[in-house]
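Given next are the chains, with one letter for each unit.
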Amino acid sequence: MSIEPSIPLSEFISNGNNINNLPTQIFKQLQNCKTELEVLNATVRIIYQALKCDRAVVYSLQPQSMYKIVAEAVTPGYAQILNNIIQDSCFETRYLEQYQKGRIRAITNIREAGMNPCYVESLAKLDVKSNLVVPIIGSNSYLYGLLVIHQCSRIRQWKQSEVEFVLQMADWLIDQLFQFQQTQELANKLENQQKAQQIITDLIKDLNCASSFDDVLQLGVNKAKSLLSCDRVVVYGLQAQSIGKITAEATVSSLAPILGSVIKDPCFEYRYLDQYQQGRIRAINNIYEAGMTSCYIDNLAKIGVKSNLVAPINWDNGEIYGLLVAHQCFDYKDWQLDEIECFKQIAFHTGLCLSKAQLKEETYSIQAEYAQLYEIKNSLTLAKSKSQLLKQSIHNNNLIFNEVENINKLLLREINLIHQNSWPQTQKDTKLIQIMIKKLAVITTRFKQSLAITDNSKNEVDLVIDEAISSISSNTIK
């Protein structure tokens, strides 16, 4: 940005005043800064105005010893270098260390200061004739960057009061940057906590809707992997005799799946089991530097683990089901406290919902058995009904059979009477016999039909009884 110096502060600086005694309108500029960028801009603007220099900039230290110009106040007509990224090959490591220790560089004439020629050439390209460099240093010798003042129009002898003023501005600047950094870190932490809490809230909702034991476990590993952005999350279900099974897994595609693997872990001693049941959390940033037994390290190394995080999954009665385990495989991971706490919450709620899922499955099983029993009852009721029909059919057959017997007896009696009396057969006798024979034929037809109905009823009863027996047998096997 280009600014004409408008506020004469040279007298103020010459008198050695503290920046807290700056004129009110200038001090308000500092107090009213709301962002890091505003603080940087206000700093270079005030230095530019106070020193009546040609350029004031803030060099922010970047990776690999590069610098970025993050704030600038410059006299119109001179090069603007805001946002330039500078790879300064002349800025050797020893200078970086010196600036971290508080090195101040006040150069009256860059061509007579004995500087490296390439550094003189870089400054000359910006028309720099004199410069003043003050480090911006935080606590623990943290070097944020440099406050650099350029005089381009002439050679300038920097006064002690001017150097001290820039030093005060550098101290004020780093304090403000530190406050903004802390505020931003706090805001980021709060945002991360809110995101994590939303993940936990969504997880609890989804877990409570899960219809099966396996669904609960899979939801747990999926949410944990999403939260931690790690390479793999598994559930290690504890079995008898130090044997465990991987019962759920969420992993990146480049890792071989281990779902269903049965692991005999002799290193998992009973004392660890008790500790995990009591809520033990184990966060290991580097498995090779955690003091673990060699066999445990070997087991983890076989599946590519470099860092891991372990939390217990307990039933609602406090008994342990297994472990929720996060793996980092392609690099090492420094587990953060908020990550560990959220991971613990996921394991806790997964355990609670396992108990609910198991109860649901048991309820579904009971309901299924009840439905089968209800079907058996219906089958037996139907069999009883069919049996009643069969019984009635048999009774009807007996009645018809008795009627046939009676007609047959009458017919035989008439025939015997004719033979005994040796009477000539009269027309009346013949007609009576014909009537009884016709009636006998009709009843015989009825009897045949009734037998067919009886046979059909018997088949239906047999079928219903077979179905009932099959249903009973099937229910007994389950």
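Residues numbered from 1 in each chain as written. Predicted model: local features only at pLDDT ≥ 70, side-chain atom pairs only at ≥ 80, totals over all residues. Heavy atoms only, no water.

### Details of the overall build of the protein chain
Broken down by element type, the protein chain carries eleven helices and twelve strands. Going through the 478 residues of the protein chain one by one, you find that 39% of them count as buried. In the protein chain, 62% of the contacts between residues at least 6 apart in sequence involve partners at least 24 apart. Total accessible area on the protein chain stands at roughly 27300 Å², and carbon and sulfur atoms take up 52% of it. (Helix = DSSP H or I, 4+ residues; strand = E, 2+ residues; numbered from the N terminus. Buried < 20%, exposed > 50% of the residue type's maximum accessible area, 1.4 Å probe, protein only. Contact = heavy atoms within 4.5 Å. Areas by Shrake-Rupley, 256 points an atom, 1.4 Å probe, with all protein chains shown as cover.)

### What about the sheet that holds strand E9 (residues 262-264)?
Overall, antiparallel pairing links the six strands, which are arranged E9-E8-E7-E12-E11-E10 in an open sheet. One side of each edge strand has no neighbouring strand; the edge strands of this open sheet are E9 and strand E10 (282-284). Sheet twist, expressed as the mean angle between neighbouring strand axes with direction ignored, is 25 degrees. Where strand E8 (residues 243-251) and E9 come together, three bridges link them in antiparallel fashion. When the sheet's bridge partners are listed, Lys245 is paired in E9 with Val262. Helix H7 (residues 213-228) rests against strand E7 (232-238), E8, strand E11 (307-314) and strand E12 (320-328) of the sheet, and its axis sits at about 55 degrees to E8. (Pairing = 2+ DSSP bridges. Axes fitted to C-alpha atoms, helices over the stretch in contact; angles between N-to-C directions.)

### Thoughts on H7
Note on helix geometry: an α-helix contains 3.6 residues per turn, so any two residues three or four positions apart are oriented the same way. The end-to-end C-alpha distance of H7 is 23 Å, a good match for the 22 Å that 16 residues give at a rise of 1.5 Å each. Of all the residues in H7, the buried ones are Phe213, Val216, Leu217, Gly220, Val221, Ala224, Leu227 and Leu228. Projected onto a plane normal to the axis of H7, the buried residues spread over an arc of 135 degrees and lie on a single side. In H7, those exposed residues whose orientation departs by more than 90 degrees from the buried face are Asp214 and Ser226. Ser229 sits one or two residues past H7 and shows a positive phi near 50 degrees. (Expected span 1.5 Å × (residues − 1). Arc of directions from axis to C-beta.)

### A look at the packing of aromatic side chains
Following the criterion strictly, the structure yields four aromatic pairs and no others. Here Phe213 and Tyr321 contribute two aromatic rings whose centre-to-centre distance is 5.6 Å and whose plane-to-plane angle is 70 degrees, an arrangement assigned as edge-to-face. Of this pair, Phe213 sits in helix H7 while Tyr321 is found in strand E12, placing the two residues 108 residues apart along the sequence. Owing to a relative accessible area of 13%, Tyr321 belongs among the buried residues under this scheme. Where Trp315 meets Tyr321, the ring centres are 5.6 Å apart and the plane angle is 85 degrees; that geometry is what we call edge-to-face. Of the two residues examined, Trp315 and Tyr321, each falls in the buried class. (Phe/Tyr/Trp six-rings, centres within 6.5 Å; stacked < 30°, edge-to-face > 60°.)

### Quick look at the confidence of the model for the protein chain
Across the protein chain, the average pLDDT comes to 79, with 79% of residues at 70 or higher. Confidence drops under pLDDT 50 across residues 1-7; counting only partners more than four residues distant or on other chains, this segment forms 19 contacts. (pLDDT = per-residue confidence, 0-100.)

### Some thoughts on the environment of Glu164
Among the structural elements, Glu164 can be located in helix H6 (residues 160-209). Assessed through its relative accessible area of 37%, Glu164 is described here as partly exposed. It is 9.7 Å that separates the C-alpha atoms of Glu164 and Val134, two residues lying 30 residues apart in sequence.

### Observations regarding the packing of helix H3 (residues 36-51) against H6
Contact geometry for H3 and H6: axes closest at 10 Å, N-to-C directions at 170 degrees. Classified by the angle their axes make, H3 and H6 are roughly antiparallel. On the side of H3, the interface is formed by Glu36, Val39, Leu40, Thr43, Ile46, Ile47, Ala50 and Leu51, while H6 contributes Glu162, Phe165, Val166, Met169, Trp172, Leu173, Gln176, Leu177 and Phe180. In the contact of H3 with H6, the residues fall into 13 nonpolar, two polar and two charged. (Parallel < 35°, antiparallel > 145°, perpendicular 65-115°, else oblique. Nonpolar A, V, L, I, M, F, W, Y, C, P; charged D, E, K, R; others polar.)

### Let's talk about the sheet that holds strand E6 (residues 143-151)
A sheet is described by the order of its strands in space; here six strands give the open sequence E3-E2-E1-E6-E5-E4, paired in antiparallel fashion. Unpaired on one side and paired on the other, strand E3 (85-87) and strand E4 (105-107) mark the two borders of the sheet. Averaged over all pairs of adjacent strands, the angle between strand axes in this sheet comes to 25 degrees, irrespective of strand direction. Strand direction decides the pairing type here: strand E1 (residues 55-62) and strand E2 (residues 66-74), joined by eight bridges, are antiparallel. Pairing of Ala56 across the sheet is with Ala73, part of E2. Along the sheet face, H3 touches E1, E2 and E6 and points at about 55 degrees away from the line of E2. The sheet strands contacting H6 are E1, strand E5 (130-137) and E6, and the helix crosses E5 at an angle near 35 degrees.

### A closer look at unusual backbone geometry
Backbone geometry at Lys52 places phi at a positive 50 degrees, although glycine is not the residue there. Its place among the elements puts Lys52 in the loop between H3 and E1. Positive phi is not limited to glycine here, since Asn83 has a value of about 75 degrees. Tracing the backbone shows Asn83 in the loop between E2 and E3.

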